[in-house]
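# A closer look at the structure
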Amino acid sequence: MKVETILFHKNILSIYKEDWVKKCVDSIKEQSFEDFIIYELNYGDDDLNLNEKYNFKQDHNFFKIKFENHADAMNFLLKKCLDDDIDIILNNNMDDYSESNRFEIQINKIKEGYDIVSSNFQFIDENNNLG
């Protein structure tokens, strides 16, 4: 079974606080399920490669291609995953972070027969206050 997580961003360090991005990356790096590949797409004007900045331990595929919008960027990565015969695709938004067992829980639900699995989420503002 091939599992992959996608990260796509456009000028994220000018949009989000760097500690938010780092928290997102750290939550991916600290997943209890570790056998996944990272597909990263930078579709903006900067040259940020998250692997070069934060050193993922997983295999990492980086793409630098300009797209006009978030949907086109995501569709590019999804098509790349399907072309590469990836079995399970996990999405990550760059201003979100996950519990360390998120991938494991979602993968197990897919193994049970679910086609699409989502997570509960909670809004946290820039001061770490729950919304």
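Preceding this section is the structure that the text describes.
From a predicted model like this one, the values you see are computed outputs, not experimental measurements. (Residues numbered from 1 in each chain as written. Predicted model: local features only at pLDDT ≥ 70, side-chain atom pairs only at ≥ 80, totals over all residues. Heavy atoms only, no water.)

### Some remarks on the overall build of the protein chain
Within the protein chain, the secondary structure is distributed over 5 helices and 4 strands. Computed over its C-alpha atoms, the radius of gyration of the protein chain comes to 15 Å, within 12% of the 14 Å expected for a compact globule of 131 residues. Counting only residues that meet the buried cut, the protein chain has 35% of its 131 residues in that class. Taking as baseline every contact in the protein chain between residues at least 6 positions apart, the subset at least 24 positions apart corresponds to 66%. Looking at the protein chain as shown, the accessible area adds up to about 8100 Å², and 46% of this sits on carbon and sulfur atoms. Across the protein chain, the mean location of the 15 positive side-chain charges is 1 Å away from that of the 27 negative side-chain charges. (Helix = DSSP H or I, 4+ residues; strand = E, 2+ residues; numbered from the N terminus. Rg over C-alpha atoms; globule rule 2.2 N^0.38 Å. Buried < 20%, exposed > 50% of the residue type's maximum accessible area, 1.4 Å probe, protein only. Contact = heavy atoms within 4.5 Å. Areas by Shrake-Rupley, 256 points an atom, 1.4 Å probe, with all protein chains shown as cover. Lys, Arg positive; Asp, Glu negative; His and termini not counted. Charge placed at Lys NZ, Arg CZ, Asp CG, Glu CD.)

### Some details on helix 2 (residues 18-29)
Compared with the 16 Å implied by 1.5 Å per residue over 12 residues, the 16 Å span of helix 2 between its first and last C-alpha is a close match. Restricting attention to buried positions, one finds in helix 2 the residues V21, C24, V25, S27 and I28. The arc that holds the buried residues of helix 2, viewed along the axis, is 160 degrees, so those residues lie on one side. Each element contacted by the buried residues of helix 2 is listed here: strand 1 (3-9), helix 1 (12-15), strand 2 (37-42), helix 3 (50-54) and strand 4 (88-92). (Expected span 1.5 Å × (residues − 1). Arc of directions from axis to C-beta.)

### With respect to the packing of aromatic side chains
Overall, the coordinates contain 5 aromatic pairs when judged by the stated rule. When the ring of Y39 is compared with that of F63, the centres are 6.1 Å apart and the planes differ by 55 degrees; the resulting orientation is tilted. Residue Y39 is located in strand 2, and its partner F63 is located in strand 3 (residues 60-64); the two are separated by 24 residues in the primary sequence. By the burial criterion, Y39 is buried, and F63 matches it. When the centroid spacing of 5.5 Å and the interplanar angle of 40 degrees are considered together, the rings of F67 and F76 count as tilted. The class of F76 is partly exposed, set by a relative accessible area of 22%. Three or more aromatic residues joined by ring pairs form one cluster here, namely Y39, F63, F67 and F76. Over the face of the ring belonging to Y97 we find K23, whose NZ or CZ atom lies 4.2 Å from the ring centre. (Phe/Tyr/Trp six-rings, centres within 6.5 Å; stacked < 30°, edge-to-face > 60°. Lys NZ or Arg CZ within 6 Å of the ring centre and 35° of its normal.)

### What to know about the pattern of salt bridges
Under the counting rule described, the total for this entry stands at 7 salt bridges. One salt bridge in this structure joins K57 and E34, with 3.2 Å as the shortest N-O distance. With K57 in the loop between helix 3 and strand 3 and E34 in the loop between helix 2 and strand 2, this residue pair connects regions lying 23 residues apart in the sequence. With a relative accessible area of 55%, K57 lands in the exposed category. (Salt bridge = Lys/Arg side-chain N within 4 Å of Asp/Glu carboxyl O.)

### Details of the pairing of strand 1
Taking burial as the measure, the 7 residues of strand 1 include 7 buried ones, the bulk of the element. Residue alternation in strand 1 divides its side chains into two sets, V3, T5, L7 and H9 and E4, I6 and F8, and both sets are buried. The sheet contact formed by strand 1 and strand 4 spans 5 bridges and is parallel. Residue pairing across strands places I6 opposite N91, the latter belonging to strand 4. (Pairing = 2+ DSSP bridges.)

These figures come from the coordinates and say nothing about function on their own.
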